[in-house]
Amino acid sequence: MKKKELSLDKDGKFDISFVLNAKELKVKISGDETLLELIRRLGYKGTKKGCDTGDCGSCTVIVNKKATLSCIIPAFLVDGCEVTTIEGIGSISNPHPIQEAFVEAGAVQCGYCVPGMIMSTKALLDENGSPSDEEIKHALDGNLCRCTGYVKQIEAVNIASKKIKK
Amino acid sequence: MPEYIEKYYTLKDLWKSVKKLPSDRKYLAGGTDLVISLSCGNDKSSVWLDISDIDRLKEIKEDGKNIFIGAAVKISELESNPLIKKWASALSECVKYYASPSIRNTATLGGNYANASPCADGVLALAALRAKVMLNLYDKRRVVDILSIVKGPKKIDLKKDELIEGFIVSKEERKSIFMKMMHRKRFGIAKAGLCMCYKLEKGKLRDVSISLSSVAPSVVRAKKTEEYLEGKNPSKAQTKACQLIREEISPLTDIRSTSDYRMRIVSVFLSRALCSI
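Enquirer: Where do I start with the interface of chain A and chain B in this structure?
Expert: Across the contact, 33 residues belong to chain A and 34 residues belong to chain B. When chain A packs against chain B, the two sides together hide about 2800 Å² of surface, and 59% of this comes from carbon and sulfur. At the boundary of chain A and chain B, one finds one salt bridge. With its nearest N and O atoms 3.9 Å apart, the salt bridge here joins A:Asp141 to B:Arg104. The tally of links between chain A and chain B comes to two residue pairs in polar contact (both at pLDDT 80 or more). Listed by contribution, the elements that provide at least two residues to the side of chain A that touches chain B are β1 (5-7), β5 (66-69) and α4 (133-139) of chain A. Looking at the side of chain A that touches chain B residue by residue, the classes come out as 13 nonpolar, 10 polar and 10 charged.

Structure (structure tokens):
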């Protein structure tokens, strides 16, 4: 799927192809567009824009199975990649066990950091089904929360890990 | 905003076409620094050369008495790679303190070096490992000491189009210690950092190298302290070594910390390091 050269068309845009939430997409992007701007432009507004400098983690998505900050990755770098956002793992009517666990543990207050937290958790649990508290802290290291104080998120990841194993 | 983005899969293709492109061109591998620079209005280049998928730049391999680490190797790969763990453990240790996991999945070791920050954790580890950097210009290579071309914050002495191909670390059985002081326990920029590589033979230190971050315009080596520690018993040499390392640096006071605090913490780090041996 990868292309050798991405050059501007007459409207000043590049063409890229990638898989977003299991859907193959071909989109036009501008050279300075970040992945965050692209996915929000495509209507996936679950991914939040926080600091826009890679510090807060609220824009975390999964690119080729790895948690990635969408605000500091240029959109053209995902040409040929597989991207998953919060919308790709669950919905209100059919939430993912991680989303259920965050609600059960009370790890959601204002909610702004939660999509990023959940994507970091998803990347962690996909790689390591039974993480220790230390491994959870390590994986959620870049996701800042200004309401809950972090204890409940660790609880939520432990609950999610048990739910997924069932 | 870039008008072209050229993606390359081999160095051969890169050297074939690079000269034909507009002259304000820039390499990009992870993009984590470049995107921020672009959004702050500091990047005016019209062509970005995407080198993130050049196989040679993604290699970590043994090469006789050395290991080669490609410039586009992601920081997260350094943590678990068996060759790095065995021969360059300072690098795998630095990853624990390096930004956040999601940045580590994108950022590259070459980018950390190219940005020439005085607080670069990757460069701190490479300097203590006495690594060399392999530079490539139109398929002609030169290998230089890791700190020899770093001239200050964001200043690196590279020729036009010269590419950081990778880093060379010699295979030495040395142990390493990595320490970093941040505002938070993790995920922060260093107020000061210390990395030390050494051998211990019959209770005496041998082959010591110490690098320091955030105490000078670039990462530096504490050469006088290294010399002093050579052949010494670590706990007996502690007091004098800690005094000596303070004399070697003259850090600035800035937004992250004060000169005095930095002096003290570097000395405390060395003391802790020597006690732990």
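Enquirer: How should the domain arrangement of chain B be read in this particular structure?
Expert: All names here are of chain B. Looking at chain B, the domain boundaries give domain 1 (4-50), domain 2 (55-170) and domain 3 (175-276). Computed over C-alpha atoms only, the centres of domain 1 and domain 2 are separated by 19 Å. Counting residues at the interface gives 13 residues for domain 1, matched by 18 residues for domain 2. Interface of domain 1 and domain 2: buried area, both sides summed, is about 1200 Å²; carbon and sulfur atoms make up 63% of it. Taken as a group, Leu11, Trp15 and Tyr27 account for 44% of the area that domain 1 buries against domain 2, more than any other trio of residues on that side. Applying the counting criterion to the domain 1 and domain 2 interface returns one salt bridge. In this structure, Arg25 and Asp161 form a salt bridge, with 2.6 Å as the shortest nitrogen-oxygen distance. Our enumeration of links across domain 1 and domain 2 arrives at five residue pairs in polar contact (both at pLDDT 80 or more).

Enquirer: What am I meant to see in the sheet that holds strand β11 (residues 175-181) of chain B here?
Expert: Two modes of strand pairing occur in sheets, parallel and antiparallel, and in both the strands are linked by backbone hydrogen bonds. All names here are of chain B. Pairing within the open sheet is antiparallel, and its four strands lie in the order β11-β12-β13-β14. Every interior strand has two partners, whereas the edge strands, β11 and β14 (220-221), have only one. Taken together, the seven bridges between β11 and strand β12 (residues 192-201) define a ladder with antiparallel strand orientation. Residue Met181 lies in a different strand from β12, and its bridge partner there is Ala192. With respect to the sheet, helix α8 (residues 121-128) is in contact with β11, β12, β13 (204-213) and β14, its orientation differing from that of β12 by roughly 25 degrees.

Enquirer: It is not clear to me how the packing of aromatic side chains should be interpreted in this structure. Could you clarify?
Expert: The relation between two aromatic rings is expressed through the spacing of the ring centres and the mutual angle of the planes. If you walk through the whole model with that rule in mind, you get four aromatic pairs over all chains. Between A:Phe76 and B:Trp48 the ring centres are 6.0 Å apart and the planes differ by 50 degrees, which places this aromatic pair in the tilted class. Of the two residues, A:Phe76 is situated in the loop between β5 and β6 (82-84) and B:Trp48 in strand β3 (residues 47-50); the pairing between them involves two chains. The exposure class of B:Trp48 is buried, given its relative accessible area of 1%. For the pair B:Tyr97 and B:Phe178, a centre-to-centre distance of 5.6 Å together with 25 degrees between the ring planes defines the contact as stacked.

Enquirer: Help me understand the pattern of salt bridges in this model?
Expert: Where side chains of opposite charge bring their charged atoms close, a pairing between them can arise. Residues and elements named next belong to chain B. Throughout the structure, instances matching the rule amount to 29 salt bridges over all chains. A salt bridge links Asp43 to Lys26; the nearest nitrogen and oxygen atoms lie 2.7 Å apart. Here Lys26 lies in strand β2 (residues 25-28) and Asp43 lies in the loop between α2 (32-39) and β3, a separation of 17 residues in the sequence. Since its relative accessible area comes to 3%, Asp43 is described here as buried. For Lys26, a relative accessible area of 34% gives the class partly exposed. Close ionic contact of Arg130 with Asp207 constitutes a salt bridge, the shortest N to O distance being 3.0 Å.

Enquirer: Quick question: what am I supposed to make of unusual backbone geometry here?
Expert: Most of the time, phi is negative for any residue but glycine, and the peptide bond is trans. All names here are of chain B. Residues other than glycine seldom take positive phi values, yet Lys154 does so here, at roughly 60 degrees. Position of Lys154 relative to the elements: it lies in the loop between β8 (150-152) and β9 (155-156). Look at Asp207: it is not a glycine, yet its phi comes out positive at around 55 degrees. Here Asp207 is to be found in strand β13.

Conventions and cut-offs
- Throughout this document, residue positions are counted from 1 along each chain, in the order its sequence is written.
- For naming, the first written chain is A and the first written ligand is 1, with later ones following in the order written.
- Whole-chain, interface and lining totals are the exception, using all residues; otherwise, since this is a predicted model, local features are given only for residues with pLDDT of at least 70 and side-chain atom pairs are given and counted only at 80 or more.
- Note that water and hydrogens are dropped before the side-chain values are worked out from all heavy atoms of the structure.
- Contacts are assigned to residue pairs that have any heavy atoms within 4.5 Å of one another.
- The term buried area means the drop in 1.4 Å probe accessible area that two parts suffer when joined, counted for both and summed.
- Salt-bridge detection follows one rule: a side-chain nitrogen of Lys or Arg within 4 Å of a carboxyl oxygen of Asp or Glu.
- The term polar contact refers here to a pair of N or O atoms within 3.5 Å; inside protein, the definition further demands a hydrogen-donor-capable atom paired with an acceptor-capable atom, and it admits residues adjacent in sequence only when both atoms are side-chain atoms.
- For helices the rule is a DSSP run of H or I covering at least 4 residues; for strands it is a run of E covering at least 2, with both sets numbered from the N terminus onward.
- Under the convention adopted here, Pro, Cys and the residues Ala, Val, Leu, Ile, Met, Phe, Trp and Tyr are nonpolar, Asp, Glu, Lys and Arg are charged, and Gly plus all remaining residues are polar.
- Segmentation into domains, and thus their bounds, comes from an automatic or database assignment.
- Any two strands between which DSSP finds at least two bridges are classified as paired.
- Lines fitted to C-alpha atoms define the axes here, with helix axes fitted over just the stretch in contact, and angles between the N-to-C directions of these axes take values from 0 to 180 degrees.
- When the centres of two rings from Phe, Tyr and Trp lie within 6.5 Å, Trp using its six-membered ring, the rings pair. Their planes under 30 degrees apart give stacked, over 60 give edge-to-face, and anything left gives tilted.
- Each residue is assigned to one of three classes by its accessible area relative to the maximum for its type, calculated with a 1.4 Å probe on protein chains only: buried under 20%, partly exposed between the two thresholds, exposed over 50%.

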